[in-house]
Structure formats: C-alpha cells, structure tokens
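As a plain string of letters, each chain reads:
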Amino acid sequence: MNEMEELLVLFHQKVENQNVFGMKRVLYFFSLLLFMGLFSCDNITEEIHINKDGSGEYRIYSDMIPAMVQMGVMFAEMDTTLKDLDPAALEIVVKSKVMEDFPEEVDSVLVVKEEQIEKFKDDPLKYRLAQQMVSYMEGGKSKGYMNMGVRTPFRNTSELNTLNQMIQDESEESPQAGGPGSSSLLDNYDSDITYSYKKNTFSRSTIFKTKGEVDEKEIATASQMLGEAKLRTIVYLPPRVKSIKGDHLVSKDKEKAVFEYNLIDLLQGKVNTDFKIKWKK
C-alpha cells in the first residue's frame, strides 16, 4: 500500500468514527433548505412549465451533493493528518463517502407541515399556493445527484408572481438561506420579478434594488463559496414557438428555452434576467 492509499484509508476511518455523513445529520443539515430556503453552494435550477392558457407549474431545486462534499472537505482539511492528501483525490473520496449514505434511487415527497404555512392564513391566495406546494427529493446513488426542491401549480401569471414573491420573502427571512458569507447579499439586494402572459407572449422582467452597501470582503467570501455556481432557468413551452429573446440564452428547441446566470452576479443585480417568448396562434 503506497502513501496515497494509506491516507485514503485513514480518511475513511476518520469519517466512519465521527459519523460526519450519517443520514440523520445529513437530513438535519439540509432541512434548512426545505420550504423554499434553497440556496446552496451549487447550481440552482428553476423550471417554468407554461401552457397556452397561461397556467402551469413552477419548480425550484438544487443538488445537495456538492454542498455536502464541500462540507466534508472542510472537515477533512481541519485534520492535520490529512494535509498531504491531494485535493482532487480528497474530493473524490469525500463524494464516494457521501453517496454511500443514499439509496440507489430516491423519488419521495416530503410533507410540508401545517405550522410552516399557517402564517399565510390571512391571505387566501398565498395560503392556497402554500398548500399546493410539494417538497421533494429525487436522485440517488445510481444517478449521482440528489435534487431537493419544491414545486407548485399556478393558474395564471398573477399567481406565478405571488409565488415568486413568497419564495423571495422566505429566503430573506431564513438566516441560513444564503449560506456562509452570502447572507449580506440577500439582505442588501432585492428584486421585483414580474411575469406576464398576453397576446401569445410569455415574458419576465426584473427590477433590482439595492438596500445598502455590502462590504467587499463579504462579496469576496460569497464568491469563494458560490464559485461559478449558476441559476439555470428552464422554460417549457407550448408548441409552435415563434421567437425567444433574452440575455444568457444557452439553448432552445421546440420544447424549451434554457437561460443561465452566474449566481454571485445575479445576487448583486449585475445580470439581465428579462426574456420574451412568442409563439404562433
């Protein structure tokens, strides 16, 4: 057994003894992401399924595995006996250890408790949207990812606008929502997102607002945590699309349009997230 193999074995033994990746601890850690507190150190995906009548379904989710791997690597780097382990090898070992705790395949719905939505009881629309929300996990060892997110139907773009405001409010209220180093970004930057549907056109417009100044060190810390993480917006379309306009459009076909935005730039209001999609009658 060479020195590298000995270090890998040592790392496995240490995480076994400390139970760093036990499922109970994992689920507790990621319960912070439930009910719309969905920021992590990896990509976030939102899906908008839009029908010809303006109704549809909204989903937002993130793969929890990269955040868990990062957390595990941070634990390992604190151990001086592992200081000589190659960073790339360490990440591979941590990921393999993380994946051991998951079943081969997961597709489950997580119950949103009544006490989590009772604050909306005075607003019938928000209360109904909250009741319709479904928290879910999907993925598993065989797929190499574990998405955690929420989904909910909407009857029109007015409900979609209300839903997005609920998600933003919930993220701002959660102290863990932005993760280490990024909470000040959530506190100091805000955005008004408006979806509209008329004359066979589905569009989004966003107005970014700055509440105050953010320390450059805070931005640097957030940038280090988020890295090149992106928000991916996927719009699933009715048939016969005529045109798609919008910055950061990375792909399109007959069924969907995909936009990608750098997450740290997005949090600071530095990217244009507006789009306009037209289809034939």
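Residues numbered from 1 in each chain as written. Predicted model: local features only at pLDDT ≥ 70, side-chain atom pairs only at ≥ 80, totals over all residues. Heavy atoms only, no water.

### Side note on the overall build of the protein
Counting its regular elements, the protein contains ten helices and twelve strands. In the protein, which comprises 281 residues, the share counted as buried stands at 45%. Restricting the contact set of the protein to residue pairs at least 6 apart, pairs at least 24 apart contribute 70%. Surface exposure of the protein reaches about 14900 Å², of which carbon and sulfur atoms provide 50%. (Helix = DSSP H or I, 4+ residues; strand = E, 2+ residues; numbered from the N terminus. Buried < 20%, exposed > 50% of the residue type's maximum accessible area, 1.4 Å probe, protein only. Contact = heavy atoms within 4.5 Å. Areas by Shrake-Rupley, 256 points an atom, 1.4 Å probe, with all protein chains shown as cover.)

### Thoughts on the sheet that holds strand β4 (residues 134-140)
Strand order in this open sheet of eight strands is β3-β4-β5-β2-β1-β8-β11-β10, and the pairing throughout is mixed. This sheet does not close on itself; its edge strands, each paired only once, are β3 (106-110) and β10 (249-252). Taking each pair of neighbouring strands and ignoring which way they run, the sheet shows an average axis angle of 20°. Across five bridges, the pairing between β3 and β4 is antiparallel. Following the sheet pairing, Asp 107 is matched in β4 by Glu 138. Seen against the sheet, helix α6 (residues 124-132) touches β4 and β5 (145-154) and runs at an angle of roughly 140° to β5. (Pairing = 2+ DSSP bridges. Axes fitted to C-alpha atoms, helices over the stretch in contact; angles between N-to-C directions.)

### Describing a nonpolar patch on the surface
On the surface, Met 74, Phe 75 and Met 78 cluster together into a nonpolar patch covering about 330 Å² of accessible area. Counting through the fold element by element, Phe 75 comes out in helix α3 (residues 65-77). (Patch = residues over 30% accessible without salt bridge, like charges linked within 9 Å, V, L, I, M, F, W, Y side chains within 5 Å. Salt bridge = Lys/Arg side-chain N within 4 Å of Asp/Glu carboxyl O.)

### Remarks on the packing of aromatic side chains
What characterises a pair of aromatic rings is the spacing of the ring centres plus the angle enclosed by the ring planes. Per the counting criterion, the structure on display carries four aromatic pairs. Judged by centre distance (5.7 Å) and plane angle (5°), the ring pair of Tyr 195 and Phe 202 falls under stacked. Phe 202 shares its class with Tyr 195; the two are buried. Ring centres of Phe 259 and Phe 275 lie 5.1 Å apart, and the angle between their planes is 15°; on these two criteria the pair is classed as stacked. On the criterion of sequence distance, the pair formed by Phe 259 in strand β11 (residues 256-262) and Phe 275 in strand β12 (residues 275-279) is long-range, its members being 16 residues apart. Each of the two residues, Phe 259 as well as Phe 275, counts as buried. One aromatic cluster in this structure is built from Tyr 195, Phe 202, Phe 259 and Phe 275. (Phe/Tyr/Trp six-rings, centres within 6.5 Å; stacked < 30°, edge-to-face > 60°.)

### What about the environment of Pro 103?
With respect to the helices and strands, the residue Pro 103 is situated in the loop between α4 (87-100) and β3. In the structure, Pro 103 is positioned 36 residues away from Gly 139 in sequence and 9.0 Å away in space, judged by C-alpha atoms. Among all residues touching Pro 103, those that are not within four sequence positions of it are Gly 140 and Lys 141.

### A closer look at the environment of Tyr 58
Looking at where Tyr 58 falls in the secondary structure, it is placed in strand β2 (residues 56-63). Residue Tyr 58 is classed as buried on the basis of its relative accessible area, which comes to 3%. In contact with Tyr 58, other than residues within four places in its own chain, are Glu 46, Glu 47, Ile 48, Val 150, Arg 151, Thr 152, Phe 154, Leu 160, Leu 163, Asn 164 and Ile 167. Separated by 2.5 Å, the side chains of Tyr 58 and Glu 46 make a polar contact. (Polar contact = N/O pair within 3.5 Å; in protein donor to acceptor, adjacent residues only side chain to side chain.)

### Here we look at the side chain of Thr 152
Inspection of the secondary structure puts Thr 152 in strand β5. Here the side chain of Thr 152 touches Leu 129 through a polar contact of 3.5 Å, landing on its backbone oxygen. Not counting residues within four places of it along the chain, the set of residues in contact with Thr 152 comprises Glu 57, Tyr 58, Leu 129, Gln 132, Met 133 and Leu 163.

### Description of the pattern of salt bridges
Tallied over the full model, the rule gives eight salt bridges. Across the pair Glu 104 and Lys 141 runs a salt bridge whose closest N-O atoms are separated by 4.0 Å. Pair noted here: Glu 104 is in the loop between α4 and β3 and Lys 141 is in the loop between β4 and β5, with a separation of 37 residues, a long-range link. Residue Glu 104 is classed as partly exposed on the basis of its relative accessible area, which comes to 47%. By relative accessible area, Lys 141 is classed as partly exposed at 36%. Of the charged contacts, one joins Lys 121 and Glu 114 as a salt bridge, the two residues approaching to 3.9 Å between their closest N and O atoms. Judged by relative accessible area, which is 35%, Glu 114 ranks as partly exposed.

### Looking at the confidence of the model for the protein
Residues at a pLDDT of 70 or more form 70% of the protein, whose mean pLDDT is 75. When mean pLDDT is compared element by element in the protein, β10 scores highest at 94, while helix α2 (residues 23-30) scores lowest at 34. Counting interchain partners and residues more than four positions distant, the pLDDT-below-50 stretch residues 1-40 has 94 contacts. Counting contacts from residues 175-183, a segment whose pLDDT is below 50, to residues more than four positions away or on other chains yields eleven contacts. (pLDDT = per-residue confidence, 0-100.)

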